[in-house]
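# Structural overview for review
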Amino acid sequence: MEGTVFAPALEGMKHVKSEEGEMLAMPFLDVCKLILPVIDKFGAAMALVKSDIGGNITRLENKYLSNPSEFHLLYSMVRVEIEAKTSKASSSCTNGLLWLTRAMDFLVELFRNLLEHPDWTMSQACSDSYSKTLKKWHGWLASSSFTLAMKLAPERKKFMDVVGGTGDIDLDIEKFCTTFSPLLEENHKFLASVGMDDLKAS
C-alpha cells in the first residue's frame, strides 16, 4: 500500500468544497467512504460504528442520486426536509448527516488520542473519545453495546503498523485531525442553525 490508509481521504478532503466555499455532497460522502478502510483495521471493535457510518452514507448518497443537480450541495438535502417538516424522522437525511458527523467526530477524537497519548492502550483511547463525543447522545442500550465492543479493540502497536503502510502515520493522523475537524464543525454549525444538532438516539 502506497502511503498510509489515510492518504486517499486526505487527498479527497481537498475537494469537498465548492469555489464559493460550500460543502459539496458527493465529495464529502466520498471522504467518509475513504475512512471506512481505516475503520476496518479495528476489526470487531468497530463493526457497529462501521455499519452505522455505511448506512448513513448510503442514505445520503441515495438522496443525492435521486436529483444530483438539486442535491449538489450537502446541506440542500437538509433544507428540503426542514421545509417539508420531515427532518426529525429517524430515516431522514438530516438525521443521517447528524449521526455521520458524530461518528466522524468520534474517529477524529480517537486518532487525536492515539497521537497525544502514546502510553494509552487502544481501549483507553477508544473509551475516552467515546465519552467525549458519542456517549452523551446515546441511550443506555447503544452505550452499553458500544462499551462492550471497545473491549475488542486491537493491540495498539499492531494497529498502527497496519494503518501506517509505507507512509508517516503520525503526520497523516495529524493532518487528518486538523483538516477534517473544521469540516465536521461546519456540519454541526449548520445543523444547529436549523435546530437539529442536539437530537438524541431514541
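This section reports on the structure supplied with the text.

## Observations concerning the overall build of the protein chain
Along the backbone of the protein chain there are nine helices and zero strands. Helices and strands appear in the protein chain in the N-to-C order α-α-α-α-α-α-α-α-α. Rg of the C-alpha trace for the protein chain: 17 Å, near the compact-globule value of 17 Å for 202 residues, within the 12% margin. Counted over contacts in the protein chain with a minimum sequence separation of 6, partners at least 24 positions apart contribute 74%. Put simply, the protein chain shows about 9800 Å² of open surface, and 57% of that area lies on carbon and sulfur atoms. Charge centroids of the protein chain, computed over 22 positive and 27 negative side chains, lie 6 Å from each other.

## A look at helix α7 (residues 140–150)
Of all the residues in α7, the buried ones are S143, F146, A149 and M150. Around the axis of α7, the buried residues are gathered within 130° of arc, so they sit on the same side. Those residues of α7 that are exposed and aimed more than 90 degrees away from the buried face are W140, L141 and L148. Its buried side turned inward, α7 meets α3 (47–66), α5 (93–116) and α6 (122–132).

## Observations regarding the nonpolar core
By size, the foremost hydrophobic cluster in this structure holds 67 residues, and its most contacted members are F28, I53, F106, F111, F176 and F180. Dropping the residues within four chain positions of it, F106 is found in contact with M46, V49, C126, S129, Y130, T133, L134, F146 and M150.

## Description of the environment of P37
Structurally, P37 is set in helix α2 (residues 25–40). Its relative accessible area of 35% is what places P37 among the partly exposed residues. Separated by 126 residues in sequence, P37 and V163 place their C-alpha atoms 9.2 Å apart.

## Some thoughts on the packing of aromatic side chains
Given two aromatic rings, their pairing is described by the distance between the two centres and the angle made by the two planes. Taken as a whole and judged by the stated rule, the model has eleven aromatic pairs. Geometrically, the ring pair formed by F6 and F176 is tilted, given 5.0 Å between the ring centres and 45° between the ring planes. On the criterion of sequence distance, the pair formed by F6 in the segment before α1 (7–13) and F176 in helix α9 (residues 169–193) is long-range, its members being 170 residues apart. Accessibility assignment for this pair places F6 and F176 in one class, buried. Centroid distance F176 to F180: 5.5 Å. Interplanar angle 40°. Geometry classified as tilted. Taken together, the residues F176 and F180, both in helix α9 and four residues apart, mark about one turn of the helix.

## A closer look at the environment of L183
Structurally, the position occupied by L183 is in helix α9. With relative accessibility at 9%, the residue L183 sits in the buried group. Separated by 66 residues in sequence, L183 and H117 place their C-alpha atoms 24 Å apart. Setting aside anything within four residues of it in sequence, one finds L183 in contact with M13, V16, K17 and M23.

## Quick notes on a negative patch on the surface
On the surface, E116, D168, D170 and E174 cluster together into a patch of negative charge. Checked against the element boundaries, E116 lands in helix α5. What makes E116 exposed here is its relative accessible area of 52%.

Reading guide: rules and limits
Residues numbered from 1 in each chain as written. Predicted model: local features only at pLDDT ≥ 70, side-chain atom pairs only at ≥ 80, totals over all residues. Heavy atoms only, no water. Helix = DSSP H or I, 4+ residues; strand = E, 2+ residues; numbered from the N terminus. Rg over C-alpha atoms; globule rule 2.2 N^0.38 Å. Contact = heavy atoms within 4.5 Å. Areas by Shrake-Rupley, 256 points an atom, 1.4 Å probe, with all protein chains shown as cover. Lys, Arg positive; Asp, Glu negative; His and termini not counted. Charge placed at Lys NZ, Arg CZ, Asp CG, Glu CD. Buried < 20%, exposed > 50% of the residue type's maximum accessible area, 1.4 Å probe, protein only. Arc of directions from axis to C-beta. Core = buried A, V, L, I, M, F, W, Y, C linked by side-chain atoms within 4.5 Å. Phe/Tyr/Trp six-rings, centres within 6.5 Å; stacked < 30°, edge-to-face > 60°. Patch = residues over 30% accessible without salt bridge, like charges linked within 9 Å, V, L, I, M, F, W, Y side chains within 5 Å. Salt bridge = Lys/Arg side-chain N within 4 Å of Asp/Glu carboxyl O.

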